[in-house]
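# Structure at a glance
Here is how the chains run, residue by residue.
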Amino acid sequence: MSYLVLARKWRPQTFADVVGQESVVRTLQNGLKRNRVAHAMIFSGVRGVGKTTLARIMAKALNCTGATDDKPCNVCESCREITAGNAVDLHEIDGASNRGIQEIRELKENIRFFPTKSRFKVIIIDEVHMLTTEAFNALLKTLEEPPEHVYFMFATTELHKVPITILSRCQRYELKRVSFVDLVAFFAKIATQEQVEISRRAIEMIAREADGSVRDGLSLLDQIFSFGGDRVTDEDVVQVLGLVDQQIFVHLARSLLTADLAQCFDLLEKIYVAGIDLKRFTTDLLAYLRALLICRTSPRPEALLDVSDQELAELRGLSADHSPETLAMLFQLLFKGMTEMQYSAHPRLVLEMAFIKAVQAGQVTPAAALLGRLDEMIKVGGGLQPLPSALPAAKEAEKPPAVVPPKPPVPPLPEKTPDTSREILAVIEPELDSKVQKLEPLVGKIAEPKNREKKGDGAASQTHTKDVRKNWDSFVAYVKERKPWMAQVLKLCENPREEEGKLLVRFDNPSDGTLLQEPEHVKDLSVYALDFFQKDLRVRISSRGDKAGGHGEAVLDGPKEERRVLANDPLVQTAVDVFGGQVGAIRTGPRFR
Ligand SMILES: [Zn+2]
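Starting from 1, residues in each chain are numbered consecutively following that chain's sequence as written. Local features in this predicted model are restricted to residues of pLDDT 70 or higher, and side-chain atom pairs are both shown and tallied only at a pLDDT of 80 or more, whereas totals for entire chains, interfaces and linings draw on every residue. To obtain the side-chain values, all non-hydrogen atoms of the structure were used and water was disregarded.

## Concerning the packing of aromatic side chains
To describe a pair of aromatic rings, one takes the distance between the centres and the angle between the planes. To pair, rings of Phe, Tyr and Trp, with the six-membered ring standing in for Trp, must have centres within 6.5 Å; the planes then decide the type, stacked if under 30 degrees apart, edge-to-face if over 60, and tilted in the middle. Overall, the coordinates contain 13 aromatic pairs when judged by the stated rule. When the ring of Trp10 is compared with that of Phe186, the centres are 6.3 Å apart and the planes differ by 85°; the resulting orientation is edge-to-face. Linking Trp10 in the loop between helix 1 (6–9) and helix 2 (22–33) with Phe186 in helix 8 (residues 180–193), this pair joins segments that are 176 residues apart in sequence. On the basis of an interplanar angle of 90° and a centroid distance of 5.0 Å, the ring pair of Phe120 and Tyr151 is categorised as edge-to-face. Here Phe120 is found in the loop between helix 5 (101–111) and strand 3 (121–126), whereas its partner Tyr151 is found in strand 4 (residues 150–156), with 31 residues between them in sequence. Each member of the pair, Phe120 as well as Tyr151, carries the same accessibility label: buried. Following the ring pairs from residue to residue traces out a cluster consisting of Trp472, Phe475, Tyr478, Phe532 and Phe533. We call a charge positioned above a ring when the Lys NZ or Arg CZ atom is no farther than 6 Å from the ring centre and deviates by at most 35 degrees from the ring normal. For Arg348, the ring lying beneath its charged end belongs to Tyr272, and the centroid distance is 4.5 Å. Segments assigned H or I by DSSP are reported as helices when at least four residues long, segments assigned E as strands when at least two residues long, and all are numbered from the N terminus. Between buried and exposed lies partly exposed: a residue is buried under 20% and exposed over 50% of the maximum accessible area for its type, with that area taken using a 1.4 Å probe on protein chains only.

## A closer look at the coordination of the zinc ion
Here the zinc ion is held by Cys64 (SG), Cys73 (SG), Cys76 (SG) and Cys79 (SG), and the distances to it run 2.2 to 2.3 Å. Around the zinc ion sit 4 donor atoms, and with donor-metal-donor angles ranging over 98 to 122° the site reads as tetrahedral. For Cys79, a relative accessible area of 0% puts it in the buried group. Coordinating N, O and S atoms are those within 2.8 Å of the metal (3.2 Å for Na, K and Ca), and as water is not part of the atoms, a site may appear to have fewer donors than expected. For a four-donor site, all angles between 85 and 135 degrees give tetrahedral; for four or six donors, opposite pairs above 155 degrees with the remaining angles between 65 and 115 give square planar or octahedral; all remaining cases count as irregular.

## Looking at empty space enclosed by the protein
Cavity means a closed set of points on a 1 Å grid over the protein atoms alone, one where a 1.4 Å probe fits but cannot get out, pocket means an open set with protein on both sides within 12 Å along at least 5 of 7 lines, and lining means a residue has an atom within 4 Å of a point. Grid points are joined across faces, edges and corners, and a volume is the space filled by probe spheres set on the points. All chains considered together, the criterion is met by 1 cavity of 30 Å³ or more. For the largest cavity, the calculated volume is near 40 Å³. Lining the largest cavity are Arg201, Glu204, Met205, Arg208, Asp245, Gln246 and Glu311. Take the lining of the largest cavity: its biggest share by element is 4 residues, from helix 9 (residues 200–210).

## Description of the sheet that holds strand 5 (residues 171–174)
Whether two strands pair comes down to DSSP finding at least two bridges between them. Strand order across the open sheet formed by 5 strands is 2-3-4-1-5, with parallel pairing between neighbours. Unpaired on one side and paired on the other, strand 2 (90–94) and strand 5 mark the two borders of the sheet. Neighbouring strand axes in the sheet, compared pairwise and without regard to direction, differ in orientation by 15° on average. Here 5 bridges tie strand 2 to strand 3, and the two strands are oriented parallel to one another. Lines fitted to C-alpha atoms define the axes here, with helix axes fitted over just the stretch in contact, and angles between the N-to-C directions of these axes take values from 0 to 180 degrees.

## Quick look at helix 15 (residues 309–320)
Since one α-helical turn is 3.6 residues long, residues separated by three or four positions face the same way. A helix is expected to reach a length of 1.5 Å times the quantity of its residues less one. If you check helix 15, its first and last C-alpha atoms are 16 Å apart, about what 12 residues at 1.5 Å a residue would give, namely 16 Å. Every buried residue of helix 15 is accounted for by Glu311, Leu312, Leu315, Leu318 and Ser319. Here the buried residues of helix 15 occupy an arc of 135° about the axis, which is enough to place them on one side. Along helix 15, exposed side chains directed more than 90 degrees from the buried face belong to Asp309, Gln310 and Ala320. We call two residues contacting when some pair of their heavy atoms lies within 4.5 Å. The secondary structure elements touched by the buried residues of helix 15 are helix 9, helix 12 (246–257), helix 14 (278–297) and helix 16 (324–342). As used here, the arc belongs to the directions running from the helix axis to the C-beta atoms.

## A closer look at the pattern of salt bridges
Salt bridge, as applied in this entry: a Lys or Arg side-chain nitrogen positioned within 4 Å of an Asp or Glu carboxyl oxygen. Per the counting criterion, the structure on display carries 24 salt bridges. The salt bridge involving Glu77 is made with Lys117; its shortest N-O contact spans 3.2 Å. Pair noted here: Glu77 is in helix 4 (residues 77–84) and Lys117 is in the loop between helix 5 and strand 3, with a separation of 40 residues, a long-range link. Glu77 gets classed as partly exposed once you look at its relative accessible area, which sits at 47%. Of the charged contacts, one joins Glu498 and Lys535 as a salt bridge, the two residues approaching to 2.6 Å between their closest N and O atoms. With Glu498 in strand 8 (residues 494–499) and Lys535 in the loop between helix 23 (519–533) and strand 10 (538–543), the pair connects residues that are 37 residues apart, well separated along the chain. Shared partners join several salt bridges into a network, and the residues in it are Glu77, Glu81 and Lys117.

## Side note on the layout of surface pockets
As a volume, the second largest pocket reaches approximately 780 Å³. Only helix 8, helix 9, helix 12, helix 14 and helix 15 provide two or more residues apiece to the lining of the second largest pocket. Looking at the lining of the second largest pocket element by element, the count peaks at 8 residues for helix 14. Polar here means any residue other than Ala, Val, Leu, Ile, Met, Phe, Trp, Tyr, Cys and Pro, which are nonpolar, and Asp, Glu, Lys and Arg, which are charged; Gly is therefore polar. In the lining of the second largest pocket, the residues fall into 17 nonpolar, 4 polar and 11 charged.

## A few points about the confidence of the model for the protein
pLDDT gives the predictor's per-residue confidence on a scale running from 0 to 100. On average, the protein scores 80 in pLDDT, and the residues at 70 or more come to 80%. Long-range and interchain partners of residues 438–462, a stretch whose pLDDT sits below 50, account for 1 contact in this model, where long-range means more than four residues apart.

## Some remarks on the environment of Lys336
Turning to its location among the elements, Lys336 is positioned in helix 16. The spatial distance from the C-alpha of Lys336 to the C-alpha of Val350 is 9.7 Å, given a sequence separation of 14 residues.

## Considering unusual backbone geometry
Omega for the peptide link from Lys71 to Pro72 comes to -5°, which places this bond in the cis form. Note on placement: Pro72 falls in the loop between helix 3 (51–63) and helix 4. A positive phi angle is found at Glu500, which is not glycine, with a value near 50°. Mapped onto the elements of the fold, Glu500 is located in the loop between strand 8 and strand 9 (502–507). On the accessibility criterion, Glu500 (70% relative accessible area) is exposed. Unusually for a residue other than glycine, Gln534 sits at a positive phi of about 60°. Looking at the secondary structure, you find Gln534 in the loop between helix 23 and strand 10.

What follows is the structure, encoded as structure tokens:
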């Protein structure tokens, strides 16, 4: 007996056999039960998900003469003929090789006649999108008023290439990629039935490789079964599929994230010696990094990833130790490496370079977190104390994004500062207490007029407003307690003043005011100004060269200028000095979440 490939041997013959298309199957079965099957239907989806298979099952069900309700019965003559592939009233046409108007004319001629044996003639056109425009046009009229005894079933991998005039006359069924879980279950079942011993892990490798296509997976199984015989080892699968053991990716990602360059190179050497295609390897590595990133950021990574529970736990463990920014940067750097590899005669060198960059970039701290820490330090220390060792290389603008410290930043303040202040506090406290006790009787008397002032009407509070120009320094000090970096920026402004209900903040150097001009910061500044000056002032930030007055928005020459300005921003420079980092790529797009 000749060998039947698995894809044919295991081709579903009933609706129940179809893998992973539950909703489409249910719709089709309901249509059959209620006798509401359209005379033209189109099945779309990626290759190997069961488009023509479903069309055939439908053809069987329509012509089935079995007594059972659950059609097709697969035992009546019509069913058996279709299964055997010799039903005279079922016409299967390959749209790719019969795409011209002549073939369609012949087809139209053919369907004028009644079916020979069955109730209906069924025309299945595979890859229907390949038909020529003329062929489609010739088909159009027939689809509009199909003869009662004819059903058209189209299958296509590229639905968007089918003219809308055709689509609008068909009932559409969109088949999805078969899920990883469904594929694993199906392949495991086949292995059992075929009496082949194969591990769960090996089946998962095959299912991942099948990428949602049952047929692709089945041909891989075929190859592996004929290679390994009755007993397939994981190594067989790795070898036949030209795969890299998943553990290599785990090790490599860990080495990259822990900056173990030597280990990275060792692993790459192994891959290289094994003769694995480096481009393919990099693609798989990227897929692994993507999985890490998804694990770190998504609340339900299992819905997005084709991985087993054990792999998911492994991914979770590794990703938890690193910030999403770090993982995203690693992904970006290697993605860039992969793109460069496409055009390089030395892919290995390119990949090594990408590893080096990734390791050098190290751990990325989000800029927002850095700013927060900067604020803390200014608050505690009462000023900035740049680390002397941190200055070199500050101007060397290179690729890695955000502010990237070459090593974990050292807490820049002498640790004793808070302690000493606490000690001093402890000394004064008892003294204070006694004074407060003495003062207490007086407090009520003093508080009374104060309260009255606070609660006073508009006219009364008007008298307590403060002049902007005279109190600017105190205002800056007030802001410093709330947002130290903003105070630093405000110190740079020239001739701050109030004019017609506006607080004019003007910078000589356009770059100084850039950060302050962000709407959220303008809003904060307005609130501080209201609280401090007791006036509702509209904040206007401008700089030399702005259009008259400025509108709280940056007037910049373009993205390039904007980046230059951002790089020279005093706050960024301060951060660079304090943390001893360097300005890398500057991104102005939406923030990473
Ligand atoms: Zn039947």
